[in-house]
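Summary of structural features
Each chain, written out:
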Amino acid sequence: MEQGQEIFNRRALGEAGVSYSVGIVLYVVVTLVFQMVCLACLGEGYAQSGVVRFLAYLLPQVCFAAAALVFFRRSKAGVRSVYRACKWYYFPLALLLQFGLLFSLAELNTMFSDWLASMGYRSPSMGIPPLEGWNMLPALLIVALLPALFEETLFRGIFVGRMHASGWGSAATVCISGALFALYHGSPVQTLYQFACGACFALLTLRAGSMFPSALAHFCNNAAILILTATGYQTEGGWTMPQGWHIGLIAAACAALAAVLLFLLLDKSNAQKGGVRDGKQFFLGAGVGILVCAVLWISNLVTGLTGV
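Definitions and limits used
Every chain is numbered independently, its residues counted from 1 as its sequence is written. In keeping with the model being predicted, local features are shown solely for residues with a pLDDT of at least 70 and side-chain atom pairs are shown and tallied solely at 80 or more, while totals for entire chains, interfaces and linings include all residues. With hydrogens and water excluded, all non-hydrogen atoms of the structure serve as input to the side-chain values. The axes used here are C-alpha line fits, helices contributing only the stretch in contact, and every angle between their N-to-C directions lies in the interval 0 to 180 degrees. Here a strand is any run of E in DSSP of at least two residues, a helix any run of H or I of at least four, and the numbering for each starts at the N terminus. Working definition: roughly parallel below 35 degrees, roughly antiparallel above 145 degrees, roughly perpendicular at 65 to 115 degrees, and oblique for all remaining angles. Crossings are classed by handedness, with left-handed meaning an anticlockwise turn of the near helix from the far one by less than a right angle and right-handed meaning a clockwise turn. Charged means Asp, Glu, Lys or Arg here, nonpolar means Ala, Val, Leu, Ile, Met, Phe, Trp, Tyr, Cys or Pro, and polar covers whatever is left, Gly included. Throughout this description, the term salt bridge denotes a Lys or Arg side-chain nitrogen within 4 Å of a carboxyl oxygen of Asp or Glu. Partly exposed describes any residue whose relative accessible area lies between the buried limit of under 20% and the exposed limit of over 50%, with all areas from a 1.4 Å probe on protein chains only and scaled to the type maximum. Here the term cavity refers to a set of points on a 1 Å grid, laid over the protein atoms alone, in which a 1.4 Å probe fits but cannot get out; the term pocket refers to an open set having protein on both sides within 12 Å along at least five of seven lines, with lining residues being those that place an atom within 4 Å of a point. Grid points are joined across faces, edges and corners, and a volume is the space filled by probe spheres set on the points. Pairs of cysteine sulfur atoms within 2.5 Å are what we label disulfides. Like charges are joined within 9 Å and nonpolar side chains (Val, Leu, Ile, Met, Phe, Trp, Tyr) within 5 Å, but only among residues with over 30% relative accessible area and no salt bridge; these make up the patches. Every accessible area reported is derived by Shrake-Rupley at a probe size of 1.4 Å, with residue values counting cover from the shown protein chains alone. For the purposes of this section, nonpolar cores are sets of buried Ala, Val, Leu, Ile, Met, Phe, Trp, Tyr and Cys residues that join through side-chain atoms within 4.5 Å. Whether two residues are in contact is decided by their heavy atoms: any pair within 4.5 Å suffices.

Helix packing geometry: the angle between the two helix axes and the distance between the axes. Direction vectors running N to C along helix 2 (residues 50–75) and helix 4 (residues 136–165) enclose 30 degrees, while the axes themselves pass 9 Å from each other. In terms of axis orientation, helix 2 runs roughly parallel to helix 4. Remark: the crossing between helix 2 and helix 4 carries left-handed chirality. Class assignment of the residues belonging to the contact of helix 2 with helix 4 gives a composition of 17 nonpolar, two polar and two charged.

Enumeration over the complete set of coordinates arrives at five salt bridges. In this structure, glutamate 6 engages arginine 277 in a salt bridge whose closest nitrogen and oxygen atoms are separated by 3.3 Å. Of this pair, glutamate 6 sits in helix 1 (residues 2–42) while arginine 277 sits in the loop between helix 8 (243–266) and helix 9 (279–306), and the two are 271 residues apart along the sequence. The exposure class of arginine 277 is partly exposed, given its relative accessible area of 43%. Its salt-bridge partner being arginine 74, residue glutamate 15 comes within 2.7 Å of it at the nearest N-O pair. One end of the pair, glutamate 15, is in helix 1; the other, arginine 74, is in helix 2, with 59 residues separating them in the sequence.

With that settled, the discussion passes to the layout of surface pockets. Its volume calculated, the second largest pocket comes out at about 260 Å³. Taken together, 16 residues line the second largest pocket, and the ones lying closest to its centre are Ser81, Arg84, Gly161, His164 and Gly209. Elements supplying a minimum of two residues to the lining of the second largest pocket: helix 4 and helix 6 (191–208). The element best represented in the lining of the second largest pocket is helix 4, accounting for seven residues. Within the lining of the second largest pocket, the residues separate by chemical class into five nonpolar, eight polar and three charged.

On to the state of the cysteines. For the structure on display, the rule yields zero disulfides. In this structure cysteine 254 is not part of a disulfide, and its nearest cysteine sulfur, from cysteine 200, lies 13 Å away.

With that out of the way, let us pick up a nonpolar patch on the surface. Taken together, the side chains of Val25, Val29, Leu32, Val33, Met36, Val37 and Val288 define a hydrophobic patch exposed on the protein surface, amounting to about 590 Å² of accessible area. The element contributing the most residues to the nonpolar patch is helix 1, with six residues. Inspection of the secondary structure puts methionine 36 in helix 1. Residue methionine 36 is classed as exposed on the basis of its relative accessible area, which comes to 57%.

A few words on the nonpolar core. Of all hydrophobic cores here, the largest spans 50 residues; its most connected members are Tyr20, Leu101, Phe155, Phe159 and Phe282. Top contributing element to this core by residue count: helix 6, with eleven residues. Not counting residues up to four positions away in its chain, the partners in contact with tyrosine 20 are Phe155, Phe159, Leu180, Leu183, Tyr184, Ala286, Gly289, Ile290 and Cys293. By size, the runner-up hydrophobic cluster in this structure holds nine residues, among which are Phe54, Ala139, Val143 and Ala223.

This is the structure in structure tokens:
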């Protein structure tokens, strides 16, 4: 019985890696086809269309949903192994964690961005969908809610869940899943922030035994960014927080982040020592996706540095 469970865990871990490759490759292919269709139908200015920008944010979530379905079908792992309930107090912890990440790491990310800029790097425009008026509602759905559901299903529900079930150490699970999350986003200037979020979400998921608290944190992160952007926070012609309030906000965010991380580190729920057991199974499956993401990340870095 125990040997059968070990074989199942090894196979499911490999299928989790395959789901990463499926999601990434499908996203790249679908995006290329989508861009060619838009170019043929709308011309070179297609990126200015609000509908096109909404669809561009929707495509990766559709691909990740498909990758999750591939995992469930091929691995035979039950949906309940990913969507589990947890104790209530992990949800307010998730809110404090995201508040800390968003407003304390923003300064670190700004310093990293300035360092890249000093080397000649120019970050491409993000092409955020229109946020004026009622556009905020579909933006919250497509840019905030759907990633909180489908990205968390893949990166925390499936990856973290299968890594833990296969006997991976907590530190290895947190670091590797965080790195994969950052690599997927393909943005050199956001790499540190995305890694920190991915690692913290993985730690929260391990302790809670559920992806739902990290999904709440993910939604709050994206929703807060949309709302701040819509109100013109720290943009030309927009509004800026007074210096004293800004310093106080950063201090409060640092304190919240430190308190939550200390609690999660002292909380030994689902704690597990060890390395990367059966890692070959996972990385063989995820190898194609990792390679594609690495190429895109390097391409974005070179493009930002050279302006080509």
